[in-house]
Amino acid sequence: MRRLRFNGTGSGGGGCPGVHEDLESGEVIVHGPPLTDPEDLDQLRHFDEGEVAVVVPRNTLVDFGPRDETPRFINADDQFDRLFETFEHTAWRLESRRRYASDEDTETWAQFAAGETVRWDYDDAWCRNVRTQTEQGKRFERVRLVDSPATQGQLYLLDNAVRNCAVGEDIRNLSRTEAERLRLPVEDFWIFDSRLVARLVFDGEDNLTGAELITEPAAVNRYCQARDAAWHYAIPYDRFKPDRM
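From a predicted model like this one, the values you see are computed outputs, not experimental measurements.

S.K.: An account of the side chain of glutamate 216 is requested, with residue identities and associated values reported.
M.R.: Looking at the secondary structure, you find glutamate 216 in the loop between strand E10 (208-214) and helix H8 (217-233). Reaching out from glutamate 216, the side chain makes a polar contact with the backbone nitrogen of alanine 219 at a distance of 3.0 Å.

So this is what it looks like as structure tokens:
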């Protein structure tokens, strides 16, 4: 069975015609109204028996056909951090990993792992920036995927959501089973202003090393579609009930 990804449609609502892409072979599947007029079909070259011709608006292929564009890599330090200060409207993230090594190097992780009440810092650099940006009307939003049973790292982040939401974020959770049903991407990424995607890059030890910046419109659109589906089905963190071991 093919693993198909829906790239998009030029339709205003019906979803036809549309473009899909085979994630393994790279082949493109186009569907739309069939071309049936015998005189039209006679004009087609190399049209063999068993083949079907469909009509697709030019803009559908221009907007949603795959393109070759190499993402630009930025480091995980100041280059990446500046994105959270310079966006204009929205910063949205999908967190799909089961573990983040950076969490485990903190005092709050040690408190959590020991079963203590975590003493969160509400005035660190991240919290100060979130408050600054949200006071200007900007939005920070996340959907975090959770396994069944939840990993320790995912439970830690569920506790962390109390602090992050208190300073202005909106965080929701989604089961991995539901994410797979929705065919959400398996990688972590941020979307800034629905025009720039920062796909996070991790090493083999789950350390963040940087991000690949994606600006190609059709690719950004696919991530925005994933965002909309995830946000629709995700549950606010304070109502989400994880399965524990």
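S.K.: Go over the environment of isoleucine 235 with me, naming the residues and quoting the values.
M.R.: The topology assignment puts isoleucine 235 in strand E11 (residues 235-236). On the accessibility criterion, isoleucine 235 (33% relative accessible area) is partly exposed. For the pair isoleucine 235 and arginine 144, spaced 91 residues apart in sequence, the C-alpha separation works out to 9.7 Å. When neighbours within four sequence positions are excluded, isoleucine 235 is seen to be in contact with Arg172, Asn173 and Phe240.

S.K.: Account for the packing of aromatic side chains, naming residues and giving values.
M.R.: Tallying each qualifying case throughout the model produces 16 aromatic pairs. Between phenylalanine 84 and tryptophan 190 the ring centres are 4.9 Å apart and the planes differ by 80 degrees, which places this aromatic pair in the edge-to-face class. Placement of phenylalanine 84 in helix H3 (residues 78-86) and of tryptophan 190 in strand E8 (residues 189-192) is noted, with a sequence separation of 106 residues between them. Looking at phenylalanine 84, the relative accessible area reads 4%, which means it is buried. Judged by relative accessible area, tryptophan 190 falls into the buried class, the value being 2%. Ring geometry for tryptophan 120 against tyrosine 156: centres 5.4 Å apart, planes inclined by 50 degrees, an arrangement best described as tilted. Of this pair, tryptophan 120 sits in the loop between helix H4 (107-113) and helix H5 (125-134) while tyrosine 156 sits in helix H6 (residues 152-166), and the two are 36 residues apart along the sequence. These aromatic residues form a ring-pair network of at least three members: Phe80, Phe84, Phe87, Trp126, Phe140, Trp190 and Phe192.

S.K.: Kindly report on the sheet that holds strand E2 (residues 18-22), identifying the contributing residues and their values.
M.R.: Read across the sheet, three strands follow the order E1-E2-E3 without closing on themselves; strand pairing throughout is antiparallel. The open sheet has two edge strands, strand E1 (4-9) and strand E3 (28-31), and neither has a second partner. Taking the axes of each pair of neighbouring strands and ignoring which way they run, one obtains an average angle of 25 degrees across the sheet. Examined bridge by bridge, E1 and E2 share five bridges and lie antiparallel to one another.

S.K.: Tell me about the nonpolar core, and please be specific about residues and values.
M.R.: Where a protein is soluble and globular, its nonpolar side chains tend to be buried together. Counting 29 residues, the largest nonpolar core has Phe80, Leu83, Phe140, Trp190, Phe192 and Ala198 as its most contacted members. Only H3, H4, H5, strand E6 (139-146), H6, E8, strand E9 (196-202) and E10 provide two or more residues apiece to this core. Not counting residues within four places of it along the chain, the set of residues in contact with phenylalanine 140 comprises Phe84, Phe87, Ala91, Trp126, Asn129, Val130, Gln133, Thr134, Gly168, Glu169, Asp170 and Trp190.

S.K.: Residues and numbers for the side chain of arginine 144, please.
M.R.: Along the chain, arginine 144 falls in strand E6. Using a relative accessible area of 4% as the deciding quantity, one classes arginine 144 as buried. At 2.8 Å, the side chain of arginine 144 forms a polar contact with the backbone oxygen of leucine 157. Within the structure, arginine 144 has its side chain in polar contact with the side chain of asparagine 160 (distance 3.1 Å). Aside from chain neighbours lying at most four places away, what touches arginine 144 is Glu95, Leu157, Asn160, Ala161, Asn164, Ile171, Arg172, Asn173 and Leu174.

S.K.: Describe H3, and please don't skip the residues or the numbers.
M.R.: For H3, the full list of buried residues reads Phe80, Leu83 and Phe84. Axial view of H3: buried residues confined to an arc of 95 degrees, hence all on one face. Looking at the buried positions of H3, the neighbouring elements they touch are strand E4 (72-75), H5, E6, E8, E9 and E10.

About the criteria used
- Residues numbered from 1 in each chain as written.
- Predicted model: local features only at pLDDT ≥ 70, side-chain atom pairs only at ≥ 80, totals over all residues.
- Heavy atoms only, no water.
- Helix = DSSP H or I, 4+ residues; strand = E, 2+ residues; numbered from the N terminus.
- Polar contact = N/O pair within 3.5 Å; in protein donor to acceptor, adjacent residues only side chain to side chain.
- Buried < 20%, exposed > 50% of the residue type's maximum accessible area, 1.4 Å probe, protein only.
- Contact = heavy atoms within 4.5 Å.
- Phe/Tyr/Trp six-rings, centres within 6.5 Å; stacked < 30°, edge-to-face > 60°.
- Pairing = 2+ DSSP bridges.
- Axes fitted to C-alpha atoms, helices over the stretch in contact; angles between N-to-C directions.
- Core = buried A, V, L, I, M, F, W, Y, C linked by side-chain atoms within 4.5 Å.
- Arc of directions from axis to C-beta.

These figures capture arrangement, not role.
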